[in-house]
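Single-letter residue listing:
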Amino acid sequence: MIVAKPLALAGTLACLALSASAQGSDDCATPQPISGTGLFPFDNTSATTGAQGQTNGVCFSFGTSAVDYDVWFSWTAPASGNVTFATCGLTSVDTKIAVHAGSSCPSGEPLACSEDACNYQSKLDFLAVAGASYLLQLGSYPSAPGGVGNFSLQYTDPAPHCFERTGPDVIAADILSAFNTTPEGSIDAIALGVAACNMGTVKLNWLGGSPDTALVRGNFHRYQVVDGAGRFEQIGLSWLKNGFYPAPTTTHCACTPEPPGVFALGPGCTDTYNATYNANQTYAYPNFEVSAATGLFPVPHANPPWSGTIARRLQLALDDLSPTGFGVRWFAEAMYVAADEAAAGNQDNNASWREMTVSVSGGDATVSVLSSGATSRGSPAIRAWKTVDPVVQVTQLSIPSDGFALVGWRVTQLAGGLWHYEYAVENLNSDRCIGAFSLPVADDVVLTNVGFHDVSYHSGDGPGGVEWSALDWTSTRANGRLTWACESEAQNTSANAIRWGTLYNFRFDANKPPQATLLELGLWMGGNPAAIATAAEGCSPATDNTGIAFCFGDGTLATACPCSPPNTVPNPPAAPGHGCANSQNLSGALLSATGTTAPDALAFNVSVSPNYVSFGLLLKGDASANGGIASADGVRCVDGQLIRFGAHFAGTNGAPQGYWTYPNTVQTNPVSVQTAQVPGQTSYYQLYYRNTAANFCNAATTNWSNGLRVVWP
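Predicted, not measured: the structure shown is a model, and the values here were computed from it.

### Here's the deal with the overall build of the protein chain
Item 1. The helix and strand inventory of the protein chain stands at three helices and 39 strands.
Item 2. In the protein chain, which comprises 713 residues, the share counted as buried stands at 54%.
Item 3. Nonlocal contacts in the protein chain, meaning residues at least 24 apart in sequence, comprise 73% of its contacts between residues at least 6 apart.
Item 4. Total accessible area on the protein chain stands at roughly 26,900 Å², and carbon and sulfur atoms take up 54% of it.

Have a look at this one:
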């Protein structure tokens, strides 16, 4: 069925540059050559609609594959990396675009294609290989006229470069092959052949059977369109294979090998492990003993009994390899973990992905690399989702003193006034794990098809040889929020948290269109902060974001309070969630907030003690002091550029002593005002106050509350 779409209004988008003559060839056999990156003019006003490049049914969403009045360009990639091809904001033409591998007229599906990614314009991402040729096809939506404008080509996610980081820096430089084994019942298994490269400036330890080596993990993901909406899910994972003895080559960088007898991968050196070698089950390491944040793991490692062809390998359910959706594509991910690299702070680019092919026949699956594809180096698998669908948004969140996670989302309009909300969370290397996913949902929103998807551990990958739990997360709707959560750490130390190297999905349909909101990820393991948040899209705005408390004086802070035992006796830790203890109240000061951030009506409340008679200052920083910094009798949590609110004396403005509110109408000393908030900005707040007893802790007479983090929508 062909679905009608209104024509774009001429002149609604500005054209940055127009060409006086036709730009782009009307014949794919003689495409116009272009080079480099930047803006390029096009003119398809008088172009015809060619027969080639029209097999695009999988890519385009409005029921027609035609690219009318198409013109062609040829481009040779000057470097490897992710490339964005777009017409967004560069023309008033209702465009459709595609990119094809090679320099000859295409006969099949393109590498990527797009329409309506940004109003009626187009945007796509594809993985380019240095020196490879590509055909760019640009035309109009059927029944929409041609015209003039520009398109852009830009590298948006470049691969890591040789020697750009100080210290050892291992990446999965290439996913080269797949080892296929015999299935057992409904489960098949594979192993990935991977080339590791030390892109750093210092040798990387590479001694098998010791803690001084690197481990590699394999993951498998599937993209498909279900009920009109795309989703990207992890469907398998492996145990880890260790780097044993290096055989260095110069495949990816100029290699400086280490002397004989030194078991290390020298700067720039590549070491390749074929799929058969990585399929070795005897020397596989379990995931549960490894910290991706630090790269540390015990030796000897846990070694529960195993047998058969699929144990410890990258297991895949045959049902997952025969999906019911359409537009199905497959992606493998390889990720390295190494202690000396993590110590150098270079562990955030260890994962790489590559598109794969899958065929299933007679209850057996065959997996292989896509021969026309390439490995996206230093890029987690979730970014492959955006390559398939450029409308997908992906953002990265750091977890202080730990690792980081990535959140992706896609909102798709369905029939009947509904929208599908699809979210994916990939924990790349956080040891604290993620145990909750939450976002605002107003009372008037009708939710249906609330869903969840995870990936299962296997082969005794868990404490005591018992796999981590596979219990699905439960969803609850209360207090204006929709929240999924697993069992807490206190309930089950083997709970089904999003552990390192795994991707989980959260989804629902709603009767409200997307708007700016805040997503919150609750961290499963205790520590500071308890949660992290990011601006995103959802069905309800973040109208009541009252901040996320962090930086406590109750013993869950990386930096202990200065007066914590054994420095002072007696002096127990502060009450949970408060700042460090003070002379009037060992519970410490509590900073909280009420009101809304959209519109800005946020009020900060401070509770210290009923007998407190001194004053304090509310401070705002544009950064947090990771782990906190010991300061006077407390711990300072705010950092960066600081804004000081007016001094506030306890008991003023009709408030009881020890309970203050910012802002207030009788503020006694308005030293400065709050700066304007930037949408999506994260701000950090803390009370700095006078402690009445000079010798309570240190000679200083000041203290700090807990911190409060607010993400402004």
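From this point, things continue past the structure.
### Focus on the side chain of Ser705
Item 1. Relative to the helices and strands, Ser705 is located in strand 39 (residues 702–711).
Item 2. Setting aside residues no more than four positions away along its own chain, Ser705 makes contact with Gly579, Ala589, Leu591, Val635, Gln686, Leu687 and Tyr689.

### Re the sheet that holds strand 28 (residues 502–510)
Item 1. Here we have five strands laid out as an open sheet, ordered 21-22-23-28-25, and antiparallel in their pairing. Each end of this open sheet is capped by a strand with a single partner; those strands are strand 21 (393–398) and strand 25 (447–453). Along the sheet, successive strands turn relative to each other by an average axial angle of 15°, direction set aside.
Item 2. Examined bridge by bridge, strand 21 and strand 22 (residues 404–413) share six bridges and lie antiparallel to one another. In the strand pairing of strand 22, Thr395 is matched with Val407.

### Topic: the state of the cysteines
Here a disulfide denotes a covalent bond joining the sulfur atom of one cysteine to the sulfur atom of another.
Item 1. Scanning the model with the defined rule gives four disulfides in all.
Item 2. A sulfur-sulfur distance of 2.0 Å marks the disulfide that ties Cys28 to Cys105. Looking along the S-S bond of the Cys28-Cys105 disulfide, the torsion reads about 110°, which is the right-handed sense. Placement of the pair is Cys28 in the segment before strand 1 (32–34) and Cys105 in the loop between strand 5 (95–101) and strand 6 (112–115), with a sequence separation of 77 residues.
Item 3. The side chain of Cys561 participates in a disulfide bridge whose partner is Cys580; the two sulfur atoms lie 2.0 Å from each other. Linking Cys561 and Cys580, the disulfide has an S-S dihedral of approximately -90° and is accordingly described as left-handed. Of this pair, Cys561 sits in the loop between strand 31 (548–550) and strand 32 (590–594) while Cys580 sits in the loop between strand 31 and strand 32, and the two are 19 residues apart along the sequence. Assigned by exposure class, Cys561 and Cys580 land together as buried.

### Some words on the pattern of salt bridges
Item 1. Tallying each qualifying case throughout the model produces 10 salt bridges.
Item 2. We note a salt bridge from Arg507 to Glu233, for which the minimum N-O separation is 2.8 Å. Taken together, the residues Arg507 in strand 28 and Glu233 in strand 14 (residues 229–242) connect sequence positions 274 residues apart. The same class applies to Arg507 as to Glu233, namely buried.
Item 3. One salt bridge connects Arg329 with Glu355, and the closest N-O pair in it is separated by 2.9 Å. Of this pair, Arg329 sits in strand 18 (residues 326–338) while Glu355 sits in strand 19 (residues 351–361); the two residues are 26 residues apart in sequence, bridging distant segments of the chain.
Item 4. Three or more residues are tied together by salt bridges with common partners; here these are Arg222, Glu233, Asp320, Glu422 and Arg507.

### Considerations on the environment of Ser376
Item 1. Tracing the chain through its elements places Ser376 in the loop between strand 20 (364–369) and helix 3 (382–388).
Item 2. Residue Ser376 is classed as buried on the basis of its relative accessible area of 4%.
Item 3. Between the C-alpha atoms of Ser376 and Ala173, which are 203 residues apart in sequence, the distance is 8.3 Å.
Item 4. Once residues lying within four places of it in the same chain are set aside, the contact partners of Ser376 are Leu127, Ser352 and Trp353.

### Looking at the sheet that holds strand 1
Item 1. Read from one edge of the open sheet, five strands run 1-3-8-5-6, paired in mixed fashion. The open sheet terminates on both sides in strands that have one partner only, identified here as strand 1 and strand 6. Across this sheet, the average inter-strand angle for adjacent strands is 20°, counted without regard to direction.
Item 2. With four bridges connecting them, strand 5 and strand 6 associate as antiparallel partners. If you follow Ile97 over to strand 6, its bridge partner there is Ser114.

### Re the packing of aromatic side chains
Item 1. Going through the model one piece at a time under the given rule, you end up with 32 aromatic pairs.
Item 2. On the basis of an interplanar angle of 45° and a centroid distance of 6.3 Å, the ring pair of Trp206 and Tyr273 is categorised as tilted. With a gap of 67 residues between them, Trp206 in the loop between strand 12 (204–205) and strand 13 (214–226) and Tyr273 in strand 16 (residues 270–273) connect regions that are remote in the sequence. Exposure class is identical for Trp206 and Tyr273. Each is buried.

### Digging into the confidence of the model for the protein chain
Item 1. Model confidence for the protein chain is summarised by a mean pLDDT of 83, while 84% of its residues fall at 70 or above.
Item 2. Scored below 50 in pLDDT, residues 1–22 makes 43 contacts in the model with residues more than four places away or belonging to other chains.
Item 3. This stretch, residues 665–675, has a pLDDT under 50; its non-local contacts, to residues over four places away or in other chains, come to 23 contacts.

### A closer look at unusual backbone geometry
Item 1. The residue after Val299, namely Pro300, is reached through a cis peptide bond having omega 0°.
Item 2. By the element assignment, Pro300 lies in the loop between helix 1 (275–278) and strand 17 (314–317).
Item 3. Although it is not a glycine, Ser459 sits at a positive phi angle of roughly 65°.
Item 4. Within the secondary structure, Ser459 is located in the loop between strand 25 and strand 26 (474–478).
Item 5. Look at Asn479: it is not a glycine, yet its phi comes out positive at around 55°.
Item 6. Here Asn479 shows up in the loop between strand 26 and strand 27 (481–485).
Item 7. Using a relative accessible area of 80% as the deciding quantity, one classes Asn479 as exposed.

### Considerations on the side chain of Thr702
Item 1. With respect to the secondary-structure elements, Thr702 resides in strand 39.
Item 2. The buried category is assigned to Thr702, whose relative accessible area is 14%.
Item 3. A distance of 3.4 Å separates polar atoms of two side chains, one belonging to Thr702 and the other to Tyr688.

The rules behind each value
- Residues numbered from 1 in each chain as written.
- Predicted model: local features only at pLDDT ≥ 70, side-chain atom pairs only at ≥ 80, totals over all residues.
- Heavy atoms only, no water.
- Helix = DSSP H or I, 4+ residues; strand = E, 2+ residues; numbered from the N terminus.
- Buried < 20%, exposed > 50% of the residue type's maximum accessible area, 1.4 Å probe, protein only.
- Contact = heavy atoms within 4.5 Å.
- Areas by Shrake-Rupley, 256 points an atom, 1.4 Å probe, with all protein chains shown as cover.
- Pairing = 2+ DSSP bridges.
- Axes fitted to C-alpha atoms, helices over the stretch in contact; angles between N-to-C directions.
- Disulfide = S-S within 2.5 Å.
- Salt bridge = Lys/Arg side-chain N within 4 Å of Asp/Glu carboxyl O.
- Phe/Tyr/Trp six-rings, centres within 6.5 Å; stacked < 30°, edge-to-face > 60°.
- pLDDT = per-residue confidence, 0-100.
- Polar contact = N/O pair within 3.5 Å; in protein donor to acceptor, adjacent residues only side chain to side chain.

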